[in-house]
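Inside the fold
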Amino acid sequence: MQRELTPDLASRFAKIALGNVTREFPNKLDHVMTAAVDVKAPRGLHPMFYGSFDWHSCVHGYWLLVRLLRRFPALPEAPAIRRVIEEHFTAENAAAELDYLKRPENRGFERPYGLAWLLMLAAELRRHDSTRGRRWSEVLAALTSECAARLRDYLVAADYPVRAGVHGNSAFAVVLALDHADACGEPAVRAALGQKSRSWFGGDAGCPAWEPDGEDFLSPALTEALCMARTLTPAEFAAWFERFLPRLAACEPATLFRPATVADRCDGKIVHLDGLNLSRAWCWRSLSDVLAATDPRREIALKAAAAHLDASLPHVADHYAGSHWLASFAVLALDP
């Protein structure tokens, strides 16, 4: 089974994303209507991010394309990627997306999941050293600033974290926001995110890992652990991790080591479990990177990552219910 992001896999994922980010229908809107004039088709509401079934999936579909273009600039799909981004990443389209966010009734739009993915997209663009990449980054600058401010204000105000394994998960939002803070050189933002993570999760111990729920695409336990790995010092994290999962060396809790089974990949909720397997693989691989080479838990984490990857990577494009979003999670898992 393939467990690294190769040019062939990148090409496959690029084709999937290119077929989705400009596919307007079917579409599931997160849209508050206050009058008849608000009744519009997806592209009328979101001229930049109207595809891939929903706004956040379109955003991370573009993140996927931008990531693959940076990692494999000679991809056969590279010209098509550049064309679709050039067509959609315009000042006019970005202004329309920003205007939509600023509607009073959209205060909670795509919070925190979609906002965090927008920051990931912006962070990836910041890593491009091409003239095009810099131009695309500038086009998104005002929208990025608005999303960053909204997410930061929300996280600061949230006394309690959301621990569910779906879109509202607080730890996942922090991990993605940290990527943006690092890419943009914002140490104050990183410090604030770290402080919030400590207040939410610092006292957690003996995690039972009662998962998965039937619609999870994130592991509450492992996503929290990854969040803490990204915010604590190595020594602090080592002590926290030992308290949080004290029997990891014995492969317990066992639920974290068993890939989820997916009974119906045509069902948009059940297929979330493929995302769970891929996001667990991402977490396990990322956590292995912070464990010492001599730590027996490192090999355990890598084996768990491989098992979860093998369970769902072959099914990324089985049905549109999953194919409109799973490739992004596959890239996280293969190229953390």
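Refer to the preceding data block for the structure.
First things first, this report covers the structure right here in the doc. Throughout, a residue's number is its position along its own chain's written sequence, starting from 1. Per-residue local features of the predicted model are confined to residues with pLDDT of at least 70, and side-chain atom pairs are confined, for both listing and counting, to 80 or more; whole-chain, interface and lining totals are unaffected and use all residues. Side-chain numbers come from the whole structure's heavy atoms, not from hydrogens or water.

This brings us to the overall build of the chain. For the chain, the helix and strand inventory stands at 16 helices and 0 strands. For 336 residues, the compact-globule estimate of 2.2 N^0.38 gives 20 Å, and the C-alpha radius of gyration of the chain, at 19 Å, lies within 12% of that figure. With the C-alpha coordinates of the chain rotated into their principal frame, the extents come out at 55 × 40 × 40 Å. Going through the 336 residues of the chain one by one, you find that 56% of them count as buried. What makes two residues a contact is simply this: any of their non-hydrogen atoms within 4.5 Å. Put simply, of all contacts in the chain between residues at least 6 apart along the chain, 78% involve residues at least 24 apart. Of the side chains in the chain, 38 bear a positive and 41 a negative charge, and the two mean positions are spaced by 3 Å. Secondary structure elements follow DSSP: runs of H or I no shorter than four residues count as helices, runs of E no shorter than two count as strands, and numbering proceeds from the N terminus. The globule rule used for comparison is 2.2 Å times the number of residues to the exponent 0.38, while the radius of gyration itself is calculated over C-alpha atoms. Exposure classes here rest on a 1.4 Å probe applied to the protein chains alone. A residue is buried below 20% of its type maximum, exposed above 50%, and partly exposed in between. Think of it this way: Lys and Arg go in the positive column, Asp and Glu in the negative one, and His and the chain ends go nowhere. Working definition for charges: the position is that of NZ of Lys, CZ of Arg, CG of Asp or CD of Glu.

So, about the pattern of salt bridges. Salt bridges are defined as contacts in which a side-chain nitrogen from Lys or Arg sits within 4 Å of a carboxyl oxygen from Asp or Glu. Scanning all chains against the criterion turns up 23 salt bridges. For Arg71, the salt bridge goes to Asp335, with nearest N and O atoms at 2.8 Å. Of the two residues, Arg71 sits in helix α3 (residues 55-71) while Asp335 sits in the segment after α16 (326-334), which places them 264 residues apart along the sequence. With a relative accessible area of 32%, Arg71 lands in the partly exposed category. Judged by relative accessible area, which is 14%, Asp335 ranks as buried. The partner of Glu86 in a salt bridge is Arg132, and the shortest N-O contact between them spans 3.8 Å. Of this pair, Glu86 sits in helix α4 (residues 78-88) while Arg132 sits in helix α7 (residues 131-139), and the two are 46 residues apart along the sequence. Its relative accessible area of 38% is what places Arg132 among the partly exposed residues. A network of salt bridges, in which partner residues are shared, links Arg70, Glu124, Arg127 and Asp179.

Before going further, it helps to examine the packing of aromatic side chains. Pairing of aromatic rings covers Phe, Tyr and Trp, the last counted by its six-membered ring, and requires centre-to-centre distances within 6.5 Å; plane angles under 30 degrees mean stacked, over 60 mean edge-to-face, and any other angle means tilted. Summed over the entire model, instances satisfying the criterion amount to 22 aromatic pairs. Between Phe172 and Phe329, the ring centres sit 6.2 Å apart and the planes meet at 10 degrees, which makes this aromatic pair stacked. Taken as a pair, Phe172 in helix α9 (residues 170-184) and Phe329 in helix α16 lie far apart in primary sequence, 157 residues in all. Taking relative accessible area as the criterion, Phe172 reaches 2% and is therefore assigned buried. Each ring, one from Phe237 and one from Phe241, has its centre 5.0 Å from the other, and the planes form 20 degrees; the classification is stacked. Note that Phe237 and Phe241 are positioned in helix α12 (residues 234-244) at a spacing of 4 residues, about one turn of the helix. Per residue, the accessibility class of Phe237 equals that of Phe241, and both read buried. Put simply, the rings of Trp63, Tyr113, Trp117, Phe172, Phe217, Trp282, Trp325 and Phe329 touch in pairs and so form one group of aromatic residues. When the NZ atom of lysine or the CZ atom of arginine is within 6 Å of a ring's centre and also within 35 degrees of its normal, the charge is said to sit over that ring. Note that Arg23 overlies the ring of Tyr320, its terminal NZ or CZ placed 3.9 Å from the centroid.

Our next topic: unusual backbone geometry. Of note, the bond from Arg111 into Pro112 is cis; its omega dihedral lies within 30 degrees of zero at 5 degrees. Within the secondary structure layout, Pro112 lies in the loop between α5 (91-101) and α6 (113-126). That bond from Glu252 to Pro253 is cis: its omega, 0 degrees, falls within 30 degrees of zero. For Pro253, the position within the fold is in the loop between α12 and α13 (272-290). Unlike most non-glycine residues, Glu110 shows phi in positive territory, near 50 degrees.

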